[in-house]
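The lines below spell out each chain.
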Amino acid sequence: MQTILITGGAGFIGSHLTRLFVTKYPQYKIVNLDALTYAGNLSNLKDIEDAPNYTFVKGDITDMALVQQLFAEHQFTGVLHCAAESHVDRSITDPLAFVRTNVMGTSTLLLAAKESWKGDFTNKLFYHISTDEVYGSLGETGFFYENTAYDPRSPYSASKASSDHFVRAFYHTYGLPIKISNCSNNYGPYHFPEKLIPLSINNIINNKPLPIYGKGENIRDWLFVEDHAGAIDLIYHKGIIGETYNIGGHNEWTNIDLIKELCRQMDAKLGKPAGTSEKLITYVTDRAGHDMRYAIDATKLKEELGWMPSLQFEEGLSKTIDWYLNNPEWLNNVVSGNYAAYYEDQYHKR
Ligand code: NAD
Ligand code: TYD
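Residues numbered from 1 in each chain as written. Chains lettered and ligands numbered in written order. Predicted model: local features only at pLDDT ≥ 70, side-chain atom pairs only at ≥ 80, totals over all residues. Heavy atoms only, no water.

**Focus on the packing of aromatic side chains**
Operational definition: Ring geometry is summarised as follows: Phe, Tyr and Trp rings, the Trp one being its six-membered ring, pair when their centres sit within 6.5 Å, and such pairs are stacked at plane angles under 30 degrees, edge-to-face over 60 and tilted between the two. Secondary structure elements are defined from DSSP: runs of H or I of at least 4 residues count as helices, runs of E of at least 2 residues count as strands, and each element is numbered from the N terminus. Burial classes follow relative accessibility: with a 1.4 Å probe on protein chains only, a residue under 20% of its type's maximum area counts as buried, one over 50% as exposed, and anything between as partly exposed.
Under the defined criterion, the tally for this structure stands at 20 aromatic pairs. Ring centres 5.2 Å apart and planes at 80° place the aromatic pair Tyr38 and Phe192 in the edge-to-face group. Of this pair, Tyr38 sits in the loop between β2 (29-34) and β3 (54-58) while Phe192 sits in the loop between β7 (185-187) and α6 (196-205), placing them 154 residues apart in sequence. Classification of Phe192 as buried rests on a relative accessible area of 10%. Ring plane angle 90° and centroid distance 5.0 Å describe the contact between Phe71 and Phe76, whose orientation is recorded as edge-to-face. Take Phe71: its relative accessible area is 1%, and that puts it in the buried class.

**Regarding the sheet that holds strand β4 (residues 78-81)**
The following threshold applies: Strand pairing is defined by DSSP finding a minimum of two bridges between the two strands. The angle between two axes is taken between their N-to-C directions and runs from 0 to 180 degrees, where each axis is a line fitted to C-alpha atoms and a helix contributes only its stretch in contact. Note on definitions: a residue-residue contact is assigned when non-hydrogen atoms from the two residues lie within 4.5 Å.
The seven strands lie next to each other as β3-β2-β1-β4-β5-β6-β10, forming an open sheet whose pairing is parallel. If you trace the sheet from one side to the other, it starts and ends with β3 and β10 (244-247), each paired once. Sheet twist, expressed as the mean angle between neighbouring strand axes with direction ignored, is 20°. Each of β5 (125-131), β6 (178-183) and β10 is contacted by helix α5 (residues 155-174), which is oriented at about 155° to β5, the strand it contacts most. Helix α7 (residues 225-238) contacts β1 (3-7), β4, β5, β6 and β10 of the sheet and is inclined by roughly 160° relative to β6.

**Topic: the site of ligand 1**
Selection criterion: By convention in these notes, a residue is near a molecule or strand provided one of its non-hydrogen atoms lies within 4 Å of it. In the analysis that follows, any N or O atom pair within 3.5 Å is treated as a polar contact, provided that within protein one partner can donate a hydrogen and the other can accept it, and provided that, for residues neighboring in sequence, both atoms belong to side chains. Surface exposure here means Shrake-Rupley accessible area, sampled with a 1.4 Å probe, where a residue is shielded only by the protein chains that are shown. Note on residue classes: Ala, Val, Leu, Ile, Met, Phe, Trp, Tyr, Cys and Pro are nonpolar, Asp, Glu, Lys and Arg are charged, and everything else, Gly too, is polar.
Inspection of the region around ligand 1 gives 28 residues, with Ile13, Asp34, Ser86, Tyr156 and Lys160 positioned closest. A distance of 2.9 Å is found between an oxygen atom of ligand 1 and a backbone nitrogen or oxygen belonging to Gly11. A distance of 3.0 Å separates a nitrogen atom of ligand 1 from a polar backbone atom of Ile61. Calculation on ligand 1 without its partners gives an accessible area of 830 Å², and the protein chains cover 96% of this total. Residue assignment for the shell around ligand 1 shows that the elements contributing at least two residues are α1 (12-24), β5, α5 and β7. Broken down by element, the residue count for the shell around ligand 1 peaks at three residues, all from β5. For the shell around ligand 1, the residue count by class is 13 nonpolar, twelve polar and three charged.

**Overview of the side chain of Asp89**
Tracing the chain through its elements places Asp89 in helix α3 (residues 88-93). The class of Asp89 is buried, set by a relative accessible area of 5%. Within the structure, Asp89 has its side chain in polar contact with the side chain of Arg287 (distance 2.7 Å).

**Observations regarding the site of ligand 2**
Of all residues adjacent to ligand 2, which total 18 residues, the nearest are Glu133, Pro211, Arg220, Arg287 and His290. Between ligand 2 and Tyr213, the relevant distance is 2.9 Å, taken from an oxygen atom to a main-chain nitrogen or oxygen of the residue. Here an oxygen atom of ligand 2 sits 2.7 Å away from a polar atom, N or O, in the side chain of His290. If you tally residues by element for the shell around ligand 2, the top one is strand β8 (residues 210-213), at three residues. Residues belonging to the shell around ligand 2 are distributed by class as follows: eight nonpolar, five polar and five charged.

**Thoughts on unusual backbone geometry**
Of note, the phi angle at Tyr190 is positive, near 65°, even though the residue is not glycine. Residue placement: Tyr190 occurs in the loop between β7 and α6. Taking the relative accessible area as the measure of exposure, Tyr190 reaches 15% and is therefore buried. Non-glycine residue Asn207 carries a positive phi angle of around 55°. The topology assignment puts Asn207 in the loop between α6 and β8. Classification of Asn207 by relative accessible area gives exposed; the value is 56%.

**What about the nonpolar core?**
Cut-off, in case you're wondering: By nonpolar core is meant a set of buried Ala, Val, Leu, Ile, Met, Phe, Trp, Tyr and Cys residues that side-chain atoms within 4.5 Å join together.
Grouped together as the largest cluster of nonpolar side chains are 41 residues, with contacts concentrated most on Phe21, Leu80 and Ile247. Those elements giving two or more residues to this core turn out to be β1, α1, β5, α7, β10 and α9 (299-305). For this core, the element with the most residues is α7, which contributes six residues. Core analysis: the next-biggest nonpolar cluster, separate from the first, contains 29 residues, Tyr187, Ile204, Ile212 and Ile259 among them.

**Quick look at the pattern of salt bridges**
The test is simple: A side-chain nitrogen of Lys or Arg and a carboxyl oxygen of Asp or Glu constitute a salt bridge if their distance falls within 4 Å.
Following the criterion strictly, the structure yields eleven salt bridges and no others. Here Arg287 and Asp89 are joined by a salt bridge, their closest N and O atoms 2.7 Å apart. Of this pair, Arg287 sits in the loop between β12 (281-284) and α9 while Asp89 sits in helix α3, and the two are 198 residues apart along the sequence. Asp89 shares its class with Arg287; the two are buried. The partner of Arg293 in a salt bridge is Glu252, with the nearest N and O atoms 2.7 Å apart. One end of the pair, Arg293, is in the loop between β12 and α9; the other, Glu252, is in strand β11 (residues 252-254), with 41 residues separating them in the sequence.

Next comes the structure, spelled out in structure tokens:
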């Protein structure tokens, strides 16, 4: 029997992880703590909201009194810490929001777990979900390994690197049982449409420009979100305490090639002549400090725990597009309010 606190469960990755744990482990009690920022959306979890082993709590991970109260009430045996400010572009305009949630929020959770578990760490686990961006930016060759030196270069990645350091500090200083995974870029259903892939899908549907930063030559290593959730499940249950695992699908694409593939698939699905959507591609001012290339080496996860991604990229992208085309009400609901203002601010000047 486990009682697990999932933070940020209403977000993109968190909702897939929450769904996986609630449905795969009916004997676990899952509590989802989420502040419902612009990125959090309870409709991401509609299908499981009435599950008997699931509880939602609206609240902030920096609220120590609330976090302590939840630990006292539910006696968590595990934490799956997903909540974060997660968008590099937003971190450039508001870095302190990232320090607050990613650094202060993570430290608050660590302290609450340490105090609640009172040195009895048997069958306890604090699992921290992190990003490959902590390792910095690669040139044309090479990969990120678990022992690659941290070299974060955006306020987002600096705040995530700091949170990783705090998690390891609690392991070394207090013996708190922790695991960390650093994953490459995710894509899939429920992805908020200000990140590259869902933004481009939404803009193709609405016949709007597809903004490509700089020359579109930056490279990202894309993984289907359900494969990420599956890897976390495996590491949570089978990984070694104190260890870090890189997660990635050996799936590197330049942004421009990726968008061209997306355009090709969407033209076919929407019954438009080939080449129609590509005409929407618009090169815009580059992101400040834009990291050139990310690429994960996930050999450790493969060799030690037998993990492999289940989907090829073209297939995962096709599934993702189909989901957005079949869920226009989800898309319309999130493309409003705060998001509309953000979009206006981000793109009108170019
Ligand atoms: P997201 O922005 O979609 O979701 C974040 C969630 O956290 C939202 O539901 C939001 O409401 C919640 N949240 C934010 N601040 C909070 C606070 N102060 N208190 C409580 N809840 C708060 O993010 P995501 O893309 O799902 O990323 C989840 C985690 O995975 C993050 O830690 C991110 O760094 C990491 N990660 C993401 C990717 C990716 O490609 N998206 C890749 C690797 C790692
Ligand atoms: P993003 O989805 O923001 O993820 P991250 O910055 O965490 O990798 O961006 C993915 C890549 O796409 C990144 O190189 C920036 C680029 N990009 C664009 O070219 N245009 C856009 O409108 C966005 C949002 C991103």
